[in-house]
Amino acid sequence: MSLAVHACRSLCSWHRTPAQLDGLPLLACRGCGSQWIRSEAWTPIDHTGRIPDDVRAELRQR
């Protein structure tokens, strides 16, 4: 399975999902549908330009 990555929109809001990918928690954007795991080289931001708390928690696990 590969991650879905879409252009960011003003609706972006990142949250943990119940799914995992490669043994890592999968986070997804409720606005644009993109997905992210902590092994990715990029860091999601929400519609305000802030790194969401769920993403910060995953980044601390690196």
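Below: a short report on this structure. What you are looking at is a predicted structure, and each value in this text was computed from that prediction instead of being measured.

### Notes on the pairing of strand E2 (residues 24-29)
The element E2 is largely enclosed, with a buried count of 6 among its 6 residues. Here strand E1 (residues 14-21) runs beside E2; their pairing, made up of 5 bridges, is antiparallel. Paired with Trp14 across the two strands is Cys29, which belongs to E2. Taken together, the 2 bridges between E2 and strand E3 (residues 35-36) define a ladder with antiparallel strand orientation. Counterpart to Ala28 in the pairing with E3 is Gln35. What sits between the antiparallel neighbours E2 and E3 is a turn of 5 residues, in which Gly33 has the positive phi angle 85°.

### What to know about the pattern of salt bridges
Counted under the stated rule, the structure contains 3 salt bridges. The closest approach of N and O atoms between Glu58 and Arg38, which form a salt bridge, is 2.6 Å. Placement of the pair is Glu58 in helix H1 (residues 53-60) and Arg38 in the loop between E3 and H1, with a sequence separation of 20 residues. Taking relative accessible area as the criterion, Arg38 reaches 18% and is therefore assigned buried. Across the salt bridge formed by Arg50 and Asp53, the nearest N and O atoms sit 2.6 Å from each other. Each of Arg16, Arg38 and Glu58 takes part in a single network of salt bridges with overlapping partners.

### A few points about the packing of aromatic side chains
Counting across every chain of the model gives 1 aromatic pair. A centroid spacing of 5.9 Å and a plane angle of 65° characterise the contact between Trp14 and Trp42, whose relative ring orientation is edge-to-face. Here the residue Trp14 occupies a position in strand E1, and Trp42 occupies one in the loop between E3 and H1, the gap between them amounting to 28 residues. Relative accessible area serves as the criterion here: at 5%, Trp14 is assigned to the buried category. Assessed through its relative accessible area of 29%, Trp42 is described here as partly exposed.

What counts and how
Residues numbered from 1 in each chain as written. Predicted model: local features only at pLDDT ≥ 70, side-chain atom pairs only at ≥ 80, totals over all residues. Heavy atoms only, no water. Buried < 20%, exposed > 50% of the residue type's maximum accessible area, 1.4 Å probe, protein only. Helix = DSSP H or I, 4+ residues; strand = E, 2+ residues; numbered from the N terminus. Pairing = 2+ DSSP bridges. Salt bridge = Lys/Arg side-chain N within 4 Å of Asp/Glu carboxyl O. Phe/Tyr/Trp six-rings, centres within 6.5 Å; stacked < 30°, edge-to-face > 60°.

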